[in-house]
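Summary of structural features
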Amino acid sequence: MNQLSTDSDNRASRYPLLAHPHVHLSGTVDQAMYQSFREQLSNAPDEGAIVVAISTLGGDPEVARLMGDEIRLMRDYSEREILFLGKVAVYSAGATFMAAFPVDKRFLTRGTRIMIHERLITKTINLSGPLRSCVASLKASLHEIEHSIRIEEEGFTDLVRGSDISFETVRERAPENWYIEAEEARDLKLVLDVI
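Note that the coordinates shown come from a computational prediction; the quantities given were computed from them, not determined experimentally.

A few points about the overall build of the protein
- Tallying secondary structure elements over the protein gives seven helices and seven strands in all.
- Shown N-terminal to C-terminal, the secondary structure of the protein runs as helices and strands in the order α-β-α-β-α-β-α-β-β-α-α-β-α-β.
- Seen through its C-alpha atoms, the protein measures out along the principal axes to roughly 75 × 35 × 25 Å.
- Restricting to contacts in the protein with at least 6 residues of sequence separation, those with at least 24 account for 72%.
- Computed over 22 positive and 30 negative side-chain charges, the inter-centroid distance for the protein is 2 Å.

The structure is reproduced here in C-alpha cells:
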C-alpha cells in the first residue's frame, strides 16, 4: 500500500462524518443557493455535528455572508459542531462563506482550490443637475465603495483568524486573485486538513 493510500485511510477514520455531508451546495452563490441551504439545514439531524459541503466559482458575497451568519447563529445558540467541507472550487463568495467557520472546522478535498479576491464593482456615474446634487451623488458612490471595503476587510479578518496568514498578506494578494491549493491551505493553517 502506498503512502497516499495510508494517509487517505487515516483521514477517513479520523473524519468519518465528512463522507456524508448534511448540506450539499453547488453552483453560483445566489438566492437559489440560499433557499437550498435553508431547506437542507432544516432537514439536518437535530443533534450531533453537521457537515456543510460547497463547490462554487463564486457569486453574491452578501448571500455568502447571510449563509455564514446562519451558521454562526446556529453554532452560538445551539452549541453544535458545524464543519465546512470545500470540494473542487471554493472561489470568491465561497471563501466568504468559509470565513464563517473557525479554521479548525474547515476541511478541503484533495485537489480543491480556494480563490480570494477583492470585491468588484461596476458602476457608471452620470452627473446632471444642480451642482450640490452632483456632489451628493458622488459622495454617495464614494460611501458605498468605502463601506464595501470595510465589509471586505472584516471578511478577510475572519477568513485568516487562527491561521498562519496575516491580514496584510491576504489584503496584498487579493487584488491579483489569490489561488491557494488544498495542501497549501492546510500548511498555512487556513483549513484543518485535506481529505
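Describing the environment of Q40
- Along the polypeptide, Q40 turns up in helix α2 (residues 31-42).
- Residues Q40 and V63, spaced 23 residues apart in sequence, show a C-alpha to C-alpha distance of 16 Å.
- Those residues in contact with Q40, other than ones at most four positions away along the chain, are H22, V23, H24 and L25.

Focus on the pairing of strand β3 (residues 82-91)
- Most of β3 sits inside the fold, with eight of its ten residues counted as buried.
- As judged from the six bridges shared by strand β2 (residues 50-56) and β3, these two strands associate in the parallel manner. Across the sheet, V51 pairs through a bridge with L83, a residue of β3.
- For the crossover that starts at β2, traverses helix α3 (residues 61-78) and ends in the parallel β3, the hand is right-handed.
- Pairing between β3 and strand β4 (residues 106-108): three bridges, direction parallel. Considered in β4, the bridge of G86 is made with L108.

Quick notes on the packing of α2 against α3
- Direction vectors running N to C along α2 and α3 enclose 15 degrees, while the axes themselves pass 9 Å from each other. Classified by the angle their axes make, α2 and α3 are roughly parallel. Seen from above, α2 lies across α3 with right-handed handedness. Together, Q31, M33, Y34, F37, R38 and L41 of α2 and V63, L66, M67, E70, I71 and M74 of α3 make up the contact between the two elements.
- Grouping the amino acids of the contact of α2 with α3 by side-chain chemistry returns nine nonpolar, one polar and two charged.

So, the nonpolar core
- Among the nonpolar cores identified, the biggest contains 42 residues, and L25, F37, V52, F97, I114 and I116 are the most heavily contacted of them.
- Formed by seven residues, the second largest nonpolar core is a distinct cluster that contains V51, A53, L83 and L85.

Some thoughts on the pattern of salt bridges
- In total, this model carries twelve salt bridges according to the counting rule given.
- Note that R72 is salt-bridged to D69, the shortest N-O span being 2.9 Å. You can see R72 and its partner D69 sitting in helix α3, three residues apart, about one turn around the helix.
- Since its relative accessible area comes to 34%, D69 is described here as partly exposed.
- Look at the salt bridges and you will find they share partners, linking E62, R65 and R119 into a network.

The rules behind each value
Residues numbered from 1 in each chain as written. Predicted model: local features only at pLDDT ≥ 70, side-chain atom pairs only at ≥ 80, totals over all residues. Heavy atoms only, no water. Helix = DSSP H or I, 4+ residues; strand = E, 2+ residues; numbered from the N terminus. Contact = heavy atoms within 4.5 Å. Lys, Arg positive; Asp, Glu negative; His and termini not counted. Charge placed at Lys NZ, Arg CZ, Asp CG, Glu CD. Buried < 20%, exposed > 50% of the residue type's maximum accessible area, 1.4 Å probe, protein only. Pairing = 2+ DSSP bridges. Right-handed = clockwise from strand over helix to strand, strands pointing away. Axes fitted to C-alpha atoms, helices over the stretch in contact; angles between N-to-C directions. Parallel < 35°, antiparallel > 145°, perpendicular 65-115°, else oblique. Left-handed = near helix turned anticlockwise from the far one by under 90°. Nonpolar A, V, L, I, M, F, W, Y, C, P; charged D, E, K, R; others polar. Core = buried A, V, L, I, M, F, W, Y, C linked by side-chain atoms within 4.5 Å. Salt bridge = Lys/Arg side-chain N within 4 Å of Asp/Glu carboxyl O.

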